[in-house]
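If you want the building blocks of each chain, they are given just below.
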Amino acid sequence: MAELSGEKNIIEVNGLKKAFGANVVLKDVSFEVKKSEKVVLIGASGSGKSTLLRCLNRLEDDYEGSVLFEGENVNGASKEKLRLLRQKMGMVFQQFNLFPHKTVLENITFSPIKLKIANSQAAIAHAHELLEQVGLSEKADAYPQSLSGGQQQRVAIARALAMKPEVMLFDEPTSALDPEMVGDVLDVMESLAQKGMTMIIVTHEMSFAQNIADKVLFMDDGLIADSGTAEYIFKETNNTRTRSFLSKVM
Ligand code: ADP
Ligand code: MG
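What this report covers is the structure whose coordinates are included nearby. (Residues numbered from 1 in each chain as written. Chains lettered and ligands numbered in written order. Predicted model: local features only at pLDDT ≥ 70, side-chain atom pairs only at ≥ 80, totals over all residues. Heavy atoms only, no water.)

### Digging into the pattern of salt bridges
All chains considered together, the criterion is met by 11 salt bridges. The salt bridge partner of Lys 27 is Asp 221, with a shortest N-O separation of 3.1 Å. Placement of Lys 27 in strand β2 (residues 23-34) and of Asp 221 in the loop between β9 (215-220) and β10 (223-228) is noted, with a sequence separation of 194 residues between them. Owing to a relative accessible area of 30%, Lys 27 belongs among the partly exposed residues under this scheme. A relative accessible area of 48% places Asp 221 in the partly exposed class. Salt-bridge contacts for Arg 241 lead to Asp 220; the nearest nitrogen and oxygen are separated by 2.5 Å. On the criterion of sequence distance, the pair formed by Arg 241 in helix α9 (residues 240-249) and Asp 220 in strand β9 is long-range, its members being 21 residues apart. In the salt-bridge network here, residues are joined through shared partners; they are Lys 18, Arg 54 and Glu 60. (Salt bridge = Lys/Arg side-chain N within 4 Å of Asp/Glu carboxyl O. Helix = DSSP H or I, 4+ residues; strand = E, 2+ residues; numbered from the N terminus. Buried < 20%, exposed > 50% of the residue type's maximum accessible area, 1.4 Å probe, protein only.)

Encoded structure:
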């Protein structure tokens, strides 16, 4: 594991609790993420992984505890601050949700232009760079429905990167893909990791998790039940819940 102890935390979560009615989904979650760190969240379906990611950029609110992004409280953020915050935290979902009536290039340039992050010339130039980065240079003028799921997901990653985020959140980005598409998407994520991007990744791809993670958080029933290096979680832990979960998915 890289020695990161001198680095500042980009994200700090303290005592996070989130309920939907009587269903307490996050019970008391604390962790931190340092610049360039790759944090992988694993755990059974329903354990609260998506809710946790969504609290980070306040797609969920009404939670107890605190989420700090670069030292600032996400929960108290004004509308303007929140927009900036979401710009700095790119998110990629299981369902890619591209705009069906826009080309690949337009999907990528739409938000940066609308939010005045770049003028259209710069946004288009950046989009072409990003398409090259995700291996889809030749698809700039294609429409989403003409692409495979894996290609659409790579466009969704490029679209998130177009906002020049400081952190990328991935919520099971390969779970909806046919198996033969998964590798290309993971390769793009791997290259992003090598470029130094700070990443929080929910995935069931355990060998990928093992390779990429600086830190693995095992979520169980709304709590981080176990955490540590990939080496620790995948090889050394004696936590019976971690072992039982891993024995089912590996
Ligand atoms: P995971 O991503 O680990 O599968 P989720 O965070 O999606 O888990 O869900 C955790 C729990 O929260 C589940 O019991 C789920 O039904 C519940 N939940 C998630 N989102 C909502 C919502 N918008 N309204 C009510 N319950 C929800
Ligand atoms: Mg989920």
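### Some thoughts on helix α1 (residues 49-56)
In terms of burial, α1 is a largely internal element, 6 of the 8 residues being buried. Those residues of α1 that fall on the buried side of the exposure criterion are Lys 49, Thr 51, Leu 52, Leu 53, Cys 55 and Leu 56. The positive-phi residue at the C-terminal boundary of α1 is Arg 58, with phi of around 60 degrees.

### Structural notes on the packing of helix α5 (residues 149-161) against helix α6 (residues 179-194)
Each pair of packed helices gets described by two things: the angle between the helix axes and the distance between those axes. At their nearest, the axes of α5 and α6 sit 8 Å apart, and the two run at 20 degrees to each other. As judged from the angle between their axes, α5 and α6 are roughly parallel. For the element pair α5 and α6, the recorded crossing hand is right-handed. Seen from α5, the contacting residues are Gly 150, Gln 153, Arg 154, Ile 157 and Leu 161; seen from α6, they are Met 181, Asp 184, Val 185, Val 188, Met 189 and Leu 192. (Axes fitted to C-alpha atoms, helices over the stretch in contact; angles between N-to-C directions. Parallel < 35°, antiparallel > 145°, perpendicular 65-115°, else oblique. Left-handed = near helix turned anticlockwise from the far one by under 90°. Contact = heavy atoms within 4.5 Å.)

### Digging into the site of ligand 1
The full set of residues close to ligand 1 is Phe 20, Asn 23, Val 25, Ala 44, Ser 45, Gly 46, Ser 47, Gly 48, Lys 49, Ser 50 and Thr 51. The contact in question runs from an oxygen atom of ligand 1 to an N or O atom on the backbone of Gly 48, over 3.0 Å. Considered on its own, ligand 1 offers 560 Å² of accessible surface; in the complex 59% of this is hidden by protein. Of all the elements in the fold, those that place two or more residues in the shell around ligand 1 are β2 and α1. No other element matches α1, which puts 3 residues into the shell around ligand 1. Looking at the shell around ligand 1, its residues break down into 3 nonpolar, 7 polar and 1 charged. (Near = heavy atom within 4 Å. Polar contact = N/O pair within 3.5 Å; in protein donor to acceptor, adjacent residues only side chain to side chain. Areas by Shrake-Rupley, 256 points an atom, 1.4 Å probe, with all protein chains shown as cover. Nonpolar A, V, L, I, M, F, W, Y, C, P; charged D, E, K, R; others polar.)

### Some points on the nonpolar core
Ranked by size, the top nonpolar core spans 48 residues in total, and within it Ile 42, Ile 108, Ile 157, Met 168, Phe 170, Met 189 and Met 199 carry the most contacts. The element contributing the most residues to this core is α6, with 7 residues. Among the nonpolar cores identified, the runner-up in size contains 29 residues, and Leu 41, Leu 56, Phe 69 and Val 202 belong to it. (Core = buried A, V, L, I, M, F, W, Y, C linked by side-chain atoms within 4.5 Å.)

### A few points about the packing of aromatic side chains
Taken as a whole and judged by the stated rule, the model has 2 aromatic pairs. Ring geometry for Phe 99 versus Phe 110: centroids 5.3 Å apart, planes at 70 degrees, classification edge-to-face. Linking Phe 99 in the loop between β6 (89-92) and α3 (104-114) with Phe 110 in helix α3, this pair joins segments that are 11 residues apart in sequence. In this structure Phe 99 comes out as partly exposed when scored by relative accessible area, which is 31%. Residues Phe 218 and Phe 245 carry aromatic rings whose centres are separated by 5.4 Å and whose planes lie at 35 degrees to one another, so their mutual orientation is tilted. Here Phe 218 is found in strand β9, whereas its partner Phe 245 is found in helix α9, with 27 residues between them in sequence. Summarising the burial analysis for this pair, Phe 218 and Phe 245 share the class buried. (Phe/Tyr/Trp six-rings, centres within 6.5 Å; stacked < 30°, edge-to-face > 60°.)

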